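Here's the letter readout for the chains.
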Amino acid sequence: MQNEPTHIYWMREAISLSQEGMKQGQGGPFGAIVVKDNKIIGKGFNRVLGSNDPTAHAEVEAIRDACKNLGSFQLEGCVIYTSCEPCPMCMGAIYWARPAAVYYANNRQDAADIGFDDDFIYQELAMPLNMRKLPIKELLREEALQAFRAWTKKDDRTSY
């Protein structure tokens, strides 16, 4: 690792991925890696444009790759390095994946300054459902609860 402190080395790997994806025309300048036991087990860069998938952010791509390589839906004992502070969607994915820590380089204001402004999402999520700009309405709850009840009775379920 060329005598560099470990976190700096791994962050430079994530930053390098951010440049690679951007140069390939896959999406914005965002890259992420997942590290476990001093080894990269997952890589990702933004592929929103290349895949026509709004969820193909660097962190989500890296989490998917790491989970596939680990054969697990959890990232316990792993560290995520990302070239930019994760957006609300990626933070949700990160919390579900349960890594040990997250390190980021650029912050959300830096991203906003180049046209990737997530502030409206943070504002919307803080509001009650009935006050959000995107209509969100409950429908057929009682019918849907049947699946939840069946889940609680399922003997072979895996909690996560």
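Everything discussed here concerns the structure shown above.
To keep things clear, this report deals only with the structure shown in the data block.

### A short note on the environment of Ile121
Working step 1: Secondary-structure assignment places Ile121 in helix 6 (residues 119–125).
Working step 2: Judged by its relative accessible area of 28%, Ile121 falls in the partly exposed class.
Working step 3: Taking the C-alpha atoms as reference points, Ile121 and Glu61, separated by 60 residues in sequence, lie 21 Å from one another.

### So, a negative patch on the surface
Working step 1: A contiguous patch of negative charge on the surface is contributed by Asp110, Asp113, Asp117 and Asp119.
Working step 2: By the element assignment, Asp113 lies in helix 5 (residues 108–113).
Working step 3: Judged by relative accessible area, which is 57%, Asp113 ranks as exposed.

### Things to note about the packing of helix 3 (residues 58–70) against helix 4 (residues 88–97)
Working step 1: Closest axis-to-axis distance for the helix 3/helix 4 pair is 9 Å, and the angle between their directions is 25°. Accordingly, the angle class assigned to the pair helix 3 and helix 4 is roughly parallel. Where helix 3 crosses over helix 4, the two elements pack in a sense that is left-handed. Residues Glu59, Val60 and Ile63 of helix 3 lie in contact with helix 4, whose contacting residues are Met89, Cys90, Ala93, Ile94 and Ala97.
Working step 2: Partitioned by chemical class, the residues of the contact of helix 3 with helix 4 number seven nonpolar, no polar and one charged.

### Topic: the state of the cysteines
Working step 1: Counted according to the given criterion, the structure contains zero disulfides.
Working step 2: This cysteine, Cys67, is not joined by any disulfide, and Cys78 carries the nearest cysteine sulfur, 8.0 Å off.
Working step 3: Looking at Cys67, the relative accessible area reads 14%, which means it is buried.

### Quick word on the sheet that holds strand 1 (residues 31–36)
Working step 1: Strand order across the open sheet formed by four strands is 2-1-3-4, with mixed pairing between neighbours. Each edge of the open sheet is held by one strand with a lone partner, namely strand 2 (39–45) and strand 4 (101–106). Going across the sheet, the axis of each strand differs from the next one's by a mean of 15°, ignoring polarity.
Working step 2: On top of the sheet, helix 3 reaches strand 1, strand 2 and strand 3 (79–84); it is set at about 140° to strand 2, its chief contact.

### Here we look at the pattern of salt bridges
Working step 1: Summed over all chains, the structure comprises six salt bridges.
Working step 2: In this structure, Arg108 and Glu85 form a salt bridge, with 3.3 Å as the shortest nitrogen-oxygen distance. Of this pair, Arg108 sits in helix 5 while Glu85 is found in the loop between strand 3 and helix 4, placing the two residues 23 residues apart along the sequence.
Working step 3: Between Lys154 and Asp156 there is a salt bridge whose closest N-O contact spans 2.6 Å.
Working step 4: We classify Lys154 as partly exposed; its relative accessible area is 35%.
Working step 5: Connected through salt bridges with shared partners, the residues Arg47, Glu61 and Arg64 form a single ionic network.

Rules behind the numbers
- Residues numbered from 1 in each chain as written.
- Predicted model: local features only at pLDDT ≥ 70, side-chain atom pairs only at ≥ 80, totals over all residues.
- Heavy atoms only, no water.
- Helix = DSSP H or I, 4+ residues; strand = E, 2+ residues; numbered from the N terminus.
- Buried < 20%, exposed > 50% of the residue type's maximum accessible area, 1.4 Å probe, protein only.
- Patch = residues over 30% accessible without salt bridge, like charges linked within 9 Å, V, L, I, M, F, W, Y side chains within 5 Å.
- Areas by Shrake-Rupley, 256 points an atom, 1.4 Å probe, with all protein chains shown as cover.
- Salt bridge = Lys/Arg side-chain N within 4 Å of Asp/Glu carboxyl O.
- Lys, Arg positive; Asp, Glu negative; His and termini not counted.
- Charge placed at Lys NZ, Arg CZ, Asp CG, Glu CD.
- Axes fitted to C-alpha atoms, helices over the stretch in contact; angles between N-to-C directions.
- Parallel < 35°, antiparallel > 145°, perpendicular 65-115°, else oblique.
- Left-handed = near helix turned anticlockwise from the far one by under 90°.
- Contact = heavy atoms within 4.5 Å.
- Nonpolar A, V, L, I, M, F, W, Y, C, P; charged D, E, K, R; others polar.
- Disulfide = S-S within 2.5 Å.
- Pairing = 2+ DSSP bridges.

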